[in-house]
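# Overview (structure and organization)
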Amino acid sequence: QTMWMATKKITTKKRRKKKGGRYKTGIHVSSKCLNEMKYRSGWELIVAIHFDQDDSVESYAYEPIAIEYISNIRSGKVRRYYPDFLVNYTNGTRILVEVKRLNQLNNLIVQKKAKAAEEWCKKQNQKIDYQFWTDHIVKSLKRIQDSRATQTSETSPKKTGATLLKKSRKTK
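The model shown is predicted, which means the values in this text are computed figures rather than measured ones.

### A closer look at the overall build of the chain
- Of the regular secondary structure elements, the chain holds three helices and 11 strands.
- The linear arrangement of helices and strands in the chain, starting from the amino end, is β-β-β-β-α-β-β-β-β-β-α-β-α-β.
- The 172 residues of the chain split such that 33% are buried.
- Summed over its atoms, the accessible surface of the chain is roughly 12900 Å², and 50% of this surface lies on carbon and sulfur atoms.

Structure (structure tokens):
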């Protein structure tokens, strides 16, 4: 874009749109997942596959609830937070899981969301624990999945879920 002011020419830079995002996105379908999962990161997919393969997980839901929190105390702005997973185990235990990088846990917004989620969990009739699953947990789950894949590469793998990856580029 170019603007003319008197005799000076002022040029403003146009922002370029990124081709493809930095995160792996797609759709994961599982008999254990109560809703179709439109994941927005590879880590969310790793965790979902873990839930699919874990016999102690009865069911799980992806972003099943909206929890309101105040994002700005001065203005009183209320926003909604959608935790990543609500997991029901066969022994009756329930957990609310947020998948997050370890270096993001000190972020003020992340802390406000966590506080709101913990308060929500306390208000529920059945006890629900709120948990962050960080780099350490997700990377260890990935290592376990990779070792299972290499062990079962000669035999047909157990299929508990299907995953479709979104294409980052448009097809002509």
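### Points about a nonpolar patch on the surface
- On the surface, a cluster of nonpolar side chains totalling about 310 Å² of accessible area is made up of Ile 70, Ile 73 and Val 78.
- Within the secondary structure layout, Ile 73 lies in the loop between β6 (67-72) and β7 (77-81).

### Quick look at the pattern of salt bridges
- Under the counting rule described, the total for this entry stands at six salt bridges.
- The partner of Glu 68 in a salt bridge is Arg 80, with the nearest N and O atoms 4.0 Å apart. Here Glu 68, found in strand β6, pairs with Arg 80, found in strand β7; they are 12 residues apart in sequence, far enough to count as distant. As far as burial versus exposure is concerned, Glu 68 and Arg 80 are alike and both exposed.

### As for the side chain of Thr 134
- Position of Thr 134 relative to the elements: it lies in the loop between β10 (128-133) and α3 (135-151).
- Ignoring sequence-local partners within four residues, the contact set of Thr 134 consists of Trp 43, Lys 100, Leu 102 and Leu 105.

### Considerations on the packing of aromatic side chains
- In total, this model carries six aromatic pairs according to the counting rule given.
- Consider the rings of Phe 51 and Trp 133, whose centres lie 5.5 Å apart with planes at 55°: the pair is tilted. Taken together, the residues span a long stretch of sequence, with Phe 51 in helix α1 (residues 42-53) and Trp 133 in strand β10 at a distance of 82 residues. Considered together, Phe 51 and Trp 133 belong to a single accessibility category, that of buried residues.
- Connected via pairs of aromatic rings, a cluster forms that spans Phe 51, Tyr 60, Tyr 62, Phe 85 and Trp 133.

### With respect to the environment of Thr 25
- By the element assignment, Thr 25 lies in the loop between β2 (8-11) and β3 (26-30).
- Residue Thr 25 is classed as partly exposed on the basis of its relative accessible area of 28%.
- Separated by 20 residues in the primary sequence, Thr 25 and Leu 45 place their C-alpha atoms 8.6 Å from one another.

### Side note on the pairing of strand β8 (residues 85-89)
- Most of β8 is tucked away, with five of its five residues classed as buried.
- Burial of the side chains of β8 extends over both faces: Phe 85, Val 87 and Tyr 89 are buried on one face and Leu 86 and Asn 88 on the other.
- Direction of pairing for strand β5 (residues 57-62) relative to β8: antiparallel, over a ladder of five bridges. Within the sheet, the bridge partner assigned to Val 57 lies in β8 and is Tyr 89.
- Where β8 and strand β9 (residues 94-99) come together, four bridges link them in antiparallel fashion. Across the sheet, residue Phe 85 finds its bridge partner in β9, namely Val 97.
- Linking two consecutive strands that pair antiparallel, namely β8 and β9, is a turn of four residues; a positive phi of about 95° is found at Gly 92 within it.

### Quick word on the confidence of the model for the chain
- With 76% of its residues at a pLDDT of at least 70, the chain reaches an overall mean of 83.
- Here residues 1-13 scores under 50 on pLDDT; set against residues more than four positions off or in separate chains, the count is 10 contacts.

### Focus on the sheet that holds β10
- Taking strand neighbours across the sheet as the criterion, the four strands line up as β5-β8-β9-β10 in an open arrangement whose pairing is mixed. Bordering the open sheet on either side are β5 and β10, each of which pairs with just one other strand. Between one strand and the next, the sheet's axes are offset by a mean angle of 25°, whatever the strand orientation.
- Examined bridge by bridge, β9 and β10 share six bridges and lie parallel to one another. Bridging across to β10, Leu 96 finds its partner in Tyr 130.
- Its contacts with the sheet put helix α2 (residues 108-123) on β9 and β10, and the angle it makes with β10 is roughly 155°.

Procedures and definitions
- Residues numbered from 1 in each chain as written.
- Predicted model: local features only at pLDDT ≥ 70, side-chain atom pairs only at ≥ 80, totals over all residues.
- Heavy atoms only, no water.
- Helix = DSSP H or I, 4+ residues; strand = E, 2+ residues; numbered from the N terminus.
- Buried < 20%, exposed > 50% of the residue type's maximum accessible area, 1.4 Å probe, protein only.
- Areas by Shrake-Rupley, 256 points an atom, 1.4 Å probe, with all protein chains shown as cover.
- Patch = residues over 30% accessible without salt bridge, like charges linked within 9 Å, V, L, I, M, F, W, Y side chains within 5 Å.
- Salt bridge = Lys/Arg side-chain N within 4 Å of Asp/Glu carboxyl O.
- Contact = heavy atoms within 4.5 Å.
- Phe/Tyr/Trp six-rings, centres within 6.5 Å; stacked < 30°, edge-to-face > 60°.
- Pairing = 2+ DSSP bridges.
- pLDDT = per-residue confidence, 0-100.
- Axes fitted to C-alpha atoms, helices over the stretch in contact; angles between N-to-C directions.

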